Amino acid sequence: MNPRIAFVAAPLLVMAYGVIRILDGLDGSRGPGLAWTTGHLAFLAALAMFVSTFLQMRRMAGRNALANVSATIGIVGTLALSAQFLIDIVVGLLSADRAGMGVLFDRIQAVPGVSIVVYDGGPFLFYIGQLALVVQLAVVRRVKLWTPFLVLLDLLLPFVDKDLIPLGAILLLVSFAPLAGQVSRTAKPVPAVA
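Throughout this document, residue positions are counted from 1 along each chain, in the order its sequence is written. Selection of residues for local features in this predicted model requires a pLDDT of at least 70, selection of side-chain atom pairs for listing and counting requires 80 or more, and totals for whole chains, interfaces and linings are taken over all residues. Only heavy atoms go into the side-chain values, all of them from the structure, while hydrogens and water stay out.

### Structural notes on the packing of helix α2 (residues 34-60) against helix α6 (residues 122-139)
Next, step 1: Taken N-terminus to C-terminus, the directions of α2 and α6 make an angle of 35°; their axes are 10 Å apart at the nearest point. Like other packed secondary-structure pairs, α2 and α6 cross with a definite hand, here left-handed. Every residue of α6 that contacts α2 at Leu 47, Phe 50, Phe 54, Met 57, Arg 58 and Met 60 is listed here: Phe 126, Gln 130, Leu 133, Val 134 and Leu 137.
Next, step 2: Considered class by class, the residues forming the contact of α2 with α6 number nine nonpolar, one polar and one charged. To obtain an axis, a line is fitted to C-alpha atoms, over the contacting stretch when the element is a helix, and the angle between two such axes runs from 0 to 180 degrees between their N-to-C directions. Numbering goes from the N terminus for both helices and strands, where a helix is a DSSP run of H or I of at least four residues and a strand is a run of E of at least two. Crossing handedness follows the turn of the near helix against the far one: under a right angle anticlockwise gives a left-handed crossing, and clockwise gives a right-handed one. Every residue pair with non-hydrogen atoms within 4.5 Å of one another is taken to be in contact. Only Asp, Glu, Lys and Arg are considered charged, only Ala, Val, Leu, Ile, Met, Phe, Trp, Tyr, Cys and Pro nonpolar, and every remaining residue, Gly among them, polar.

Structural data, given as structure tokens:
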């Protein structure tokens, strides 16, 4: 896959998830059903794109120790989020209604370690790694100084209200689009900043 595509596809797929999520909730309940599954599949595809963006940002930042650690943290968080979304899809497929989903979610989250790794802790690594990489790119002047602020806003909006996910995705697209143009121009890594 062309790595430039990932910088555009990741935000667009997150936007698709956010819009589908809103549409799914118009009847007062989210899931189970086609919208639930489709939205979650869109986000899983976005997460696959984010792995590519993390690796590209790592390279653009110079492949130094900090960039390596940041990319690794982001990818580990991506794995945690992927597990969460896969669980959501399976629960949606196995449940007849929202109440049935709740019962299955309770059983899964009661398994020791699942809650912290898949729901409460692990996913935050995705956000930390992504922001750390973008800040590093701002430091080495690969992105504009305002880019980390847009990425931070994108990361915070769902914590305010999950219906703001599409707006956050637009901010992320504005942040990532210039990076897509840089992928082919940065064949050699940037020297590490001392």
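Now that the structure has been shown, the text picks up again.
### Let's talk about the pattern of salt bridges
Next, step 1: By definition here, a salt bridge exists when the distance from a side-chain nitrogen of Lys or Arg to a carboxyl oxygen of Asp or Glu is within 4 Å. Applying the stated criterion across every chain yields a total of two salt bridges.
Next, step 2: With a closest N to O distance of 3.0 Å, Asp 163 and Arg 21 form a salt bridge. In this pair, Asp 163 sits in the loop between α7 (147-160) and α8 (165-182) while Arg 21 sits in helix α1 (residues 3-24), placing the two residues 142 residues apart along the sequence.
Next, step 3: Accessibility here uses a 1.4 Å probe with only protein chains present; expressed as a share of the type maximum, an area under 20% marks a residue as buried, one over 50% as exposed, and anything in between as partly exposed. Of the residues examined, Asp 163 reaches a relative accessible area of 35% and is grouped as partly exposed.
Next, step 4: Judged by its relative accessible area of 16%, Arg 21 falls in the buried class.
Next, step 5: Between Arg 30 and Asp 163 there is a salt bridge whose closest N-O contact spans 3.3 Å. One end of the pair, Arg 30, is in the loop between α1 and α2; the other, Asp 163, is in the loop between α7 and α8, with 133 residues separating them in the sequence.

### Some remarks on unusual backbone geometry
Next, step 1: The step from Gly 31 to Pro 32 runs through a cis peptide bond, and the omega angle for that step is -15°.
Next, step 2: Structurally, Pro 32 can be placed in the loop between α1 and α2.
Next, step 3: One non-glycine residue, Arg 141, lies in the positive phi region at around 65°.
Next, step 4: Positionally, Arg 141 belongs in the loop between α6 and α7.

### Some remarks on the environment of Val 90
Next, step 1: Of note, Val 90 is situated in helix α3 (residues 65-94).
Next, step 2: We classify Val 90 as partly exposed; its relative accessible area is 45%.
Next, step 3: Measuring from C-alpha to C-alpha, the distance between Val 90 and Thr 37 comes to 8.8 Å, with 53 residues separating the pair along the chain.

These values are about where atoms sit, not about what they do.
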